Every structure is written in C-alpha cells, then in structure tokens.
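For reference, the chains in residue letters:
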Amino acid sequence: MERLCSLLAQLVRNEPPCSSETLKELVSLTAEAPSNCWPLLDATAWDDATTRQRLDTLKSVCSSLTGDKLQESGDGASTDSGHTINCQLTLDRITKTIPVRLADLWLVALPLALFIDAKQRACQPKRFVVGFAGSAAAGKTTFCALLQAILRSLDISCVVLGMDGYHMYNAKLEALGIRKDKGSPHTFEAELFASDLEKAKNEQTAVYFPIYDRQLHDPVADGLCITPTDRVLLVEGLFLLHEAQHWELVAPQLDFAVFLAIPLDIAAEHATQRKARTNNISIEAATAHVNRVDIPNFRVIDATRSRADMVLHRDAAHQFVSAELHKRR
C-alpha cells in the first residue's frame, strides 16, 4: 500500500510523466490492494487508454475537491509525504476541510462514484438510491459527503439524506415513556422513512425530508429538499438494513447498499467522544449513554452487514483496509 500511495501522489501531480510502465505498475498495485473497488465497474484487465482515462478523472476530482489547490504545498496536500489531500466537504450544511488519503479516493470512492453514475443513467427517469449503513462513528456522514462532492465534480446532481431526521420527537418519546432509549431502533419513524424514500425514488417532483437539529436535539420538518434535477440520493444511517420494528421496509427502497465496518471498540470510543462533545456533557455521562444505547445498537447493526451489497472495512484511522462485494440477501 505504501508504494501505491507514493505512486498516486506522484501521478496526480504529474511526477513522473505517465509512461506505459508506470501505468502497468499502477494497475498491478491496484489489483493487489484488498480495498480495490474497481471490480464494481468491470472485471477485465485495463489497457493503457482506460488507465489514463481513470487517472485523468482522479486528477480532475482531486483538483475539484481541493479547490484547485492540489499543487500548493501545505494547502492541497497535507503531511504524510503528500499521500493525503485536504478536501472541502459539506457536513451538516457546514463546509469543512477533511484530509482524505489518495489511496482511498482511488481504490474506493472514485470507482464507487463512477458505478453510481453508470447506474443512475441506466435507471432514469427514476432516481438511484444508495444506502450507507454501519455503527455510530463508522464515518458514514463524511464518506457520503465525499461521494457527493465527487459526483458533483462529475456533474451529477446528488443529495445526502441522514436517517437522524426520522427520530421521534422528544415529546412523543416522553409520552411513550421511551426517552431514555433515544437512538434505539424503536425510537425512529421507520415507516415514514421508508415511505419518503419510495416517493423520492419513483416521483420526479420535489420531495421534502426532515433533518435533525443538533442544537434542538429534535427533528425539523421539511429541512431538506431533493429537486427534480437531483438524480442520486445517498442515504446514511444505523439501521438501514435492520429487519425489525418496521426497518425491514427501508432496505427494499435501496438500489445498492454499502456497510461501513469498523472495530466495535474503536466505534465505542469515537461515539463516546462525540457524544460528550456534541451534547456538552461529561465523558462519564457520555460513556453511560454509549453503554446503555450505542453498544447494544452496535451488535444489532453489525448483524446486518450480510444484507449489504458491499462491505467496506476501516481501521482506527478510518482508512479503508479491505472491501467485500456480494449480493444482498
């Protein structure tokens, strides 16, 4: 992987010139990488023309993601010998600078984006809906933001929808006596979620979705709109592949499902830190919540990975380490 990272860093900056020997090395290293997702598009060997075309697409995407600052030292590229680029991504309606490893762009994000593009063209006039499941802190939101940015750089209009907008209102949770369970599968409006996805997938009109306000800690109706020109809907959430409490209605609305897998101890640690930060509570209180709600959820969620079309495994640094492609159950 180190040689692939180094070669990609050189190629996106045109150092050295892209010879036939260099292209063959790139193809060989790509084929050997455990996280290689290019088989989504084809299983045949690449010729030089195909490799050059895909490499040119990577360069164009990198330039777009970094705001044309790829060549600028200390701006477009971070440390780590230039193996990472600083991408401008939109998360929760805020633009943030997020470091992304070039190898993850090349092996995972770019082929998945090109696969989504091909599928959305084939399914028109319907929209193409892709689901991203996985535990809390698995990186679903950031990965969807990255894919959205790549798709937009390819002139594909795309919207990201989070499952969190379908939390039951706190008042309803209180009335039902389940406020303490907030975040568990039975505390979401799964039937409404599935109905809205079906509408967005099949209707060509504007469709409005609720969003979750992390200041109010409650949903806000009609906070997100998918317009008639939006061709792709990326949906992210914990329970997209769950098969109980009405969640079994959601998976049939997904044209393709991806599961982001991360070690459960790492997920628990990240979830605890995030809970304390976003809710302005102590680590002790955050740990108690994670132990009561999130860890049982982790086990429920992890059991759904076999229902995904693809499983992407990540390490503690959220880098992709392997990919599995299989048919959804």
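All values derive from a computational prediction rather than experimental measurement.

Rules and cut-offs
Residues numbered from 1 in each chain as written. Predicted model: local features only at pLDDT ≥ 70, side-chain atom pairs only at ≥ 80, totals over all residues. Heavy atoms only, no water. Axes fitted to C-alpha atoms, helices over the stretch in contact; angles between N-to-C directions. Helix = DSSP H or I, 4+ residues; strand = E, 2+ residues; numbered from the N terminus. Parallel < 35°, antiparallel > 145°, perpendicular 65-115°, else oblique. Left-handed = near helix turned anticlockwise from the far one by under 90°. Contact = heavy atoms within 4.5 Å. Nonpolar A, V, L, I, M, F, W, Y, C, P; charged D, E, K, R; others polar. Polar contact = N/O pair within 3.5 Å; in protein donor to acceptor, adjacent residues only side chain to side chain. Salt bridge = Lys/Arg side-chain N within 4 Å of Asp/Glu carboxyl O. Buried < 20%, exposed > 50% of the residue type's maximum accessible area, 1.4 Å probe, protein only. Core = buried A, V, L, I, M, F, W, Y, C linked by side-chain atoms within 4.5 Å. Pairing = 2+ DSSP bridges. pLDDT = per-residue confidence, 0-100.

**Quick look at the packing of helix H8 (residues 264-279) against helix H9 (residues 283-302)**
1) Next: As a packed pair, H8 and H9 sit with axes 9 Å apart at the nearest point and diverge in direction by 135°. In this view, H8 runs oblique relative to H9, as classed from their interaxial angle. Between H8 and H9 lies a crossing whose hand is right-handed. In contact with Leu 264, Ala 267, Ala 268, Ala 271, Thr 272, Gln 273, Lys 275 and Ala 276 of H8, H9 contributes Ile 283, Ala 286, Thr 287, His 289, Val 290, Ile 295 and Phe 298.
2) Next: Across the contact of H8 with H9, the residue classes tally to ten nonpolar, four polar and one charged.

**Structural notes on the side chain of Ser 184**
1) Next: Residue placement: Ser 184 occurs in the loop between helix H6 (170-176) and helix H7 (190-202).
2) Next: Apart from residues no more than four positions distant in its own chain, Ser 184 is found in contact with Phe 239, Val 293 and Asn 297.

**Thoughts on the side chain of Thr 57**
1) Next: Of note, Thr 57 is situated in helix H3 (residues 48-65).
2) Next: A polar side-chain atom of Thr 57 sits 3.0 Å from the main-chain carbonyl oxygen of Gln 53.
3) Next: Excluding anything up to four places from it in sequence, Thr 57 contacts Leu 110 and Leu 154.

**Considering the pattern of salt bridges**
1) Next: On inspection of all chains with the given rule, the structure shows eleven salt bridges.
2) Next: The salt bridge partner of Asp 48 is Lys 24, with a shortest N-O separation of 3.8 Å. Taken as a pair, Asp 48 in helix H3 and Lys 24 in helix H2 (residues 20-32) lie far apart in primary sequence, 24 residues in all.
3) Next: Between Asp 302 and Arg 305 there is a salt bridge whose closest N-O contact spans 2.4 Å.
4) Next: Judged by its relative accessible area of 27%, Asp 302 falls in the partly exposed class.

**Overview of the nonpolar core**
1) Next: Core analysis: the largest hydrophobic core is formed by 100 residues, its most contacted members being Leu 105, Leu 112, Phe 143, Phe 193, Leu 233 and Leu 234.
2) Next: Top contributing element to this core by residue count: helix H4 (residues 102-123), with 13 residues.

**With respect to the packing of helix H1 (residues 2-12) against H2**
1) Next: Running from amino to carboxyl end, H1 crosses H2 at an angle of 140°, the nearest separation of the two axes being 10 Å. Accordingly, the angle class assigned to the pair H1 and H2 is oblique. The crossing of H1 and H2 is left-handed. Across from Arg 3, Leu 4, Leu 7, Leu 8 and Leu 11 in H1, the residues of H2 making contact are Thr 22, Glu 25, Leu 26, Leu 29 and Thr 30.
2) Next: Residue composition of the contact of H1 with H2, grouped by class: six nonpolar, two polar and two charged.

**Digging into the environment of His 217**
1) Next: For His 217, the position within the fold is in the loop between strand S5 (207-213) and strand S6 (218-226).
2) Next: The sequence separation of His 217 and Leu 240 amounts to 23 residues, and the corresponding C-alpha distance is 21 Å.
3) Next: Discounting residues that sit within four places of it in the chain, His 217 has contacts with Asn 170, Lys 182, Tyr 212, Thr 278 and Asn 279.

**Thoughts on the sheet that holds strand S7 (residues 232-236)**
1) Next: Strand order in the open sheet formed by six strands is S4-S7-S3-S8-S9-S10, with mixed pairing between adjacent strands. The open sheet has two edge strands, strand S4 (158-162) and strand S10 (320-325), and neither has a second partner. Direction aside, neighbouring strands of the sheet carry axes that sit 20° apart on average.
2) Next: Across five bridges, the pairing between strand S9 (residues 310-314) and S10 is antiparallel. Of the residues in S10, the one forming a bridge with Val 311 is Glu 324.
3) Next: Those strands touched by H4 are strand S3 (128-134), S7, strand S8 (256-261), S9 and S10, and its axis lies near 145° from that of S3.
4) Next: Running at roughly 170° to S7, helix H5 (residues 140-153) makes contact with S3, S4, S7, S8, S9 and S10 of the sheet.

**Some remarks on the confidence of the model for the protein**
1) Next: On average, residues of the protein carry a pLDDT of 90, and 93% of them reach 70 or more.
2) Next: Throughout residues 71-81 the model reports pLDDT below 50, and contacts reaching past four residues in sequence, or to other chains, amount to 20 contacts.

**Remarks on unusual backbone geometry**
1) Next: For the bond from Gln 124 to Pro 125, the omega torsion is 15°, close enough to zero to count as cis.
2) Next: As for its position among the elements, Pro 125 is in the loop between H4 and S3.
3) Next: In this model, His 217 sits at a positive phi of 60°, which is unusual for a non-glycine residue.
4) Next: For Gln 245, which is not a glycine, the phi torsion comes out positive at approximately 55°.
5) Next: Following the sequence through the fold, Gln 245 ends up in the loop between S7 and S8.
6) Next: By relative accessible area, which is 41% here, Gln 245 ends up partly exposed.

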